[in-house]
Amino acid sequence: MVQIFLDTASLPEIEEFVRWGIVDGVTTNQKIFLSEGGVDFKQRVLDICDLVNGPISVETTKSTVPDLVAEGKDYASWHKNVVVKVAMYGDGRGLEVVSRLTSAGIKTNMTVMMSYNQLVLAAKAGATYVSLFYNRSKEAGENPLQIIKDYVAIAKEFGLKGRLIVGSIRTPEDVAVSMAAGAHILTVPTKILRQMPQNKRSDETIAEFDKAWQDFLAIKKQ
Ligand code: E4P
């Protein structure tokens, strides 16, 4: 079954969607933390881990391989569900970091990926999760839907373990087509998730049924 992660670090938002019973994990990044204002970074990660019993991706911020590995090891020591997010740098640095963290038994999410080649390399380096940025990939001239189909197919054929997360979601339609293309996981901003149950025809049908029920009750009273 497709999994849904929340693309947020907001505790009230996470609580809201946990109540819906549809949250399998959480992804964060530097921009998401910026939008949370001056919160304590580590404490917020731990608070999220308390709310969701699933993978919680936390992104590395350093520059060199040793610093990125050390930062990843530090994050992983905070909580068993922390997944270390590492960017796909053009010089292969991130792949080395993922490979080293994987050897140390640490779960990773290789991120900011736009192309099929990047996804395959990340999976080969041992990434637990490989993140395709749906809309940014489209802006880069790629065909993210085809990339999703191709990655899911090669992962199945050769037993690649990296689970495909599709992020950079901007509309409910992005979610629907990515799921239909076979994405293992969607990470969805709460604004988009809130729109997903909405359908004008459902609202009209509920109103029609409510009216029928009132009419039915009125007959019984006569
Ligand atoms: C998730 O892991 C990504 O960080 C996120 O979906 C990026 O989304 P954006 O393109 O809206 O910044």
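A quick note: this is a predicted structure, and the numbers were derived from the prediction, not measured. (Residues numbered from 1 in each chain as written. Predicted model: local features only at pLDDT ≥ 70, side-chain atom pairs only at ≥ 80, totals over all residues. Heavy atoms only, no water.)

Take the pattern of salt bridges next. Inspection of the entire model under this criterion finds nine salt bridges. A salt bridge links Lys200 to Glu204, with the shortest nitrogen-to-oxygen separation between them at 2.9 Å. With Lys200 and Glu204 both in helix α11 (residues 200-221) and four residues apart, the pair spans about one turn of that helix. Classification of Lys200 by relative accessible area gives exposed; the value is 64%. Between Asp215 and Lys211 there is a salt bridge, with its nearest N and O atoms 2.8 Å apart. One end of the pair, Asp215, and the other, Lys211, are both in helix α11, four residues apart, so they sit about a helical turn from each other. (Salt bridge = Lys/Arg side-chain N within 4 Å of Asp/Glu carboxyl O. Helix = DSSP H or I, 4+ residues; strand = E, 2+ residues; numbered from the N terminus. Buried < 20%, exposed > 50% of the residue type's maximum accessible area, 1.4 Å probe, protein only.)

Attention now goes to helix α1 (residues 11-20). Listed as buried for α1 are Leu11, Ile14 and Phe17. Along the axis of α1, the buried residues cluster in a sector spanning 135 degrees; they form a single face. Facing away from the buried surface of α1 by more than 90 degrees, the exposed residues are Pro12 and Arg19. Contacts from the buried residues of α1 go to β1 (3-7), β2 (25-27), α3 (41-51) and α10 (190-195). Put simply, Ser10 is the residue that caps the front of α1, since its side-chain oxygen is 3.2 Å from the backbone nitrogen of Glu13. Looking one or two places after α1, you find Gly21, whose phi comes out positive at around 75 degrees. (Arc of directions from axis to C-beta. Contact = heavy atoms within 4.5 Å. Polar contact = N/O pair within 3.5 Å; in protein donor to acceptor, adjacent residues only side chain to side chain.)

Another point: the site of the ligand. Taken together, Asp7, Thr27, Asn29, Lys85, Phe133, Arg136, Gly167, Ser168, Arg170 and Thr187 form the complete shell of residues around the ligand. Between the ligand and Asn29 there is a distance of 2.7 Å, counted from an oxygen atom to a side-chain nitrogen or oxygen. Protein contact buries 87% of the 340 Å² of open area that the ligand shows by itself. Taken atom by atom, the bulk of the ligand overlaps the largest pocket. Partitioning the shell around the ligand into residue classes produces one nonpolar, five polar and four charged. (Near = heavy atom within 4 Å. Areas by Shrake-Rupley, 256 points an atom, 1.4 Å probe, with all protein chains shown as cover. 1 Å grid on protein atoms, 1.4 Å probe; cavity = no way out; pocket = protein on both sides within 12 Å on 5 of 7 lines; lining within 4 Å. Sits in = over half its atoms within 2 Å of the grid points. Nonpolar A, V, L, I, M, F, W, Y, C, P; charged D, E, K, R; others polar.)

So, to be careful, I would describe these as geometric facts and stop short of saying anything about function.
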